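Architecture at a glance
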Amino acid sequence: MARKKAALDFEQSLAELQQLVERLESGELSLEDSLTCFEQGIGLTRDCQAALSQAEQKVQILLERDGSLQEAPFESDPEA
């Protein structure tokens, strides 16, 4: 269940980021609104990068186990 939640969080963050980009590209926002959207986008980008980094680490753990695919415990850092 945690895997699905993490995947949904990533997908949701990515979708929100795409919406923010569309709003910014429209050119219809005030400077203040643009800065607010940009700030939100930076936060979402960091969240997505952290999720991708954790996924990459898990794949690396799986691939480095004596050449066979065996799952190993993975300690995720929620504050990364």
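In case you missed it, the structure is sitting above this.
Residues numbered from 1 in each chain as written. Predicted model: local features only at pLDDT ≥ 70, side-chain atom pairs only at ≥ 80, totals over all residues. Heavy atoms only, no water.

**Looking at the overall build of the chain**
Tallying secondary structure elements over the chain gives two helices and zero strands in all. Among the 80 residues that make up the chain, the fraction classed as buried is 12%. Contacts in the chain between residues at least 24 apart in sequence constitute 38% of all its contacts with a sequence separation of at least 6. Of the roughly 6700 Å² of accessible surface on the chain, a fraction of 53% belongs to carbon and sulfur atoms. (Helix = DSSP H or I, 4+ residues; strand = E, 2+ residues; numbered from the N terminus. Buried < 20%, exposed > 50% of the residue type's maximum accessible area, 1.4 Å probe, protein only. Contact = heavy atoms within 4.5 Å. Areas by Shrake-Rupley, 256 points an atom, 1.4 Å probe, with all protein chains shown as cover.)

**Focus: the environment of Gly 41**
With respect to the helices and strands, Gly 41 occurs in helix α2 (residues 31-63). In sequence terms Gly 41 and Leu 20 are 21 residues apart; their C-alpha atoms lie 6.6 Å from each other. Apart from residues no more than four positions distant in its own chain, Gly 41 is found in contact with Leu 17 and Leu 20.

**Comments concerning α2**
The terminal C-alpha atoms of α2, which comprises 33 residues, lie 47 Å apart, in line with the 48 Å expected from a rise of 1.5 Å per residue. What α2 keeps buried is the set Cys 37, Gly 41, Leu 44, Cys 48 and Ala 50. (Expected span 1.5 Å × (residues − 1).)

**Some points on the environment of Phe 10**
Topologically, Phe 10 is positioned in helix α1 (residues 2-26). A residue is classified by how much of its surface remains accessible, and Phe 10, at 18% relative accessible area, is buried. When the C-alpha positions of Phe 10 and Asp 47 are compared, they lie 7.6 Å apart, and in sequence the two are 37 residues distant. Setting aside anything within four residues of it in sequence, one finds Phe 10 in contact with Cys 48, Ala 51 and Leu 52.

**Considerations on the environment of Glu 75**
Along the chain, the position of Glu 75 falls in the segment after α2. Looking at Glu 75, the relative accessible area reads 69%, which means it is exposed. Note: C-alpha distance between Glu 75 and Gln 57 (18 residues apart in sequence) is 9.9 Å.

**Quick notes on the side chain of Ser 13**
Positionally, Ser 13 belongs in helix α1. Contacts of Ser 13, omitting those with residues within four sequence positions, involve Leu 44, Asp 47 and Cys 48.

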